[in-house]
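# Notes for the structure review
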Amino acid sequence: MSIVANRKAYHDYFIEEKLEAGVSLLGWEVKAIRAGRSQLKEAYVIVKGGDLLLIGAHITPLSTASTHVHADPVRTRRLLLHRGEINRLVGQVERAGYTLVPLDLHFSKGRIKLEIGLAKGKKQFDKRASIREREWNREQQRVLRQHTSR
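Residues numbered from 1 in each chain as written. Predicted model: local features only at pLDDT ≥ 70, side-chain atom pairs only at ≥ 80, totals over all residues. Heavy atoms only, no water.

### Quick look at the environment of Ile116
Note on placement: Ile116 falls in strand 9 (residues 111-121). On the accessibility criterion, Ile116 (0% relative accessible area) is buried. Each C-alpha atom, one on Ile116 and one on Ile15, is 9.4 Å from the other, the two residues being 101 residues apart in sequence. Setting aside its immediate chain neighbours within four residues, Ile116 contacts Glu17, Lys18, Leu19, Val45, Leu52, Leu79, Leu81, Leu89, Val101, Pro102 and Leu103. (Helix = DSSP H or I, 4+ residues; strand = E, 2+ residues; numbered from the N terminus. Buried < 20%, exposed > 50% of the residue type's maximum accessible area, 1.4 Å probe, protein only. Contact = heavy atoms within 4.5 Å.)

### Overview of the pattern of salt bridges
Overall, the coordinates contain six salt bridges when judged by the stated rule. With a shortest N-O distance of 2.6 Å, Glu139 and Arg142 are connected by a salt bridge. Here Glu139 pairs with Arg142, and both are found in helix 4 (residues 124-148), just three residues apart, close to one helical turn. In this structure Arg142 comes out as partly exposed when scored by relative accessible area, which is 37%. Each of Glu29, Arg75 and Arg77 takes part in salt bridges that share partners, so that together they form one network. (Salt bridge = Lys/Arg side-chain N within 4 Å of Asp/Glu carboxyl O.)

Written out as structure tokens, the structure reads:
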């Protein structure tokens with residue numbers, strides 16, 4: 001069950017591989033995510049010191065959050081993956097020019113998981129071609145619907 005998706009990622013990148021990672025969260029963050037107060041629009045994943053870090057994901061604290069904890073909505077959060085998976089991703093990011101992009105925040109067996117994509121950036125003409133293709137498919141569906149309703 002998806003909580004929040006990063007639809008802009010599919011517009012800006014060619015997603016070549018998807019992985020599911022755990023996210024190291026605090027209690028107030030889990031409550032806020034369950035209430036639907038999270039955003040991945042400007043988030044990205046970096047590799048630092050052999051760890052994967054989620055930066056820029058915005059989780060708005062609830063007003064009923066604890067009074068003794070100062071809530072930072074855009075703090076850096078650590079992603080949890082097996083060491084072998086991390087090493088493979090690090091190799092591809094450093095050598096092959098790939099980027100790690102957060103795609104989707106969702107529940108899996110009661111836990112909050114982040115789907116990350118191994119992606120290559122699109123050029124401007126690639127984006128225009130994607131838009132053109134999407135509009136063409138929409139037009140085909142519209143014509144097909146009109147034709148079958150007669």
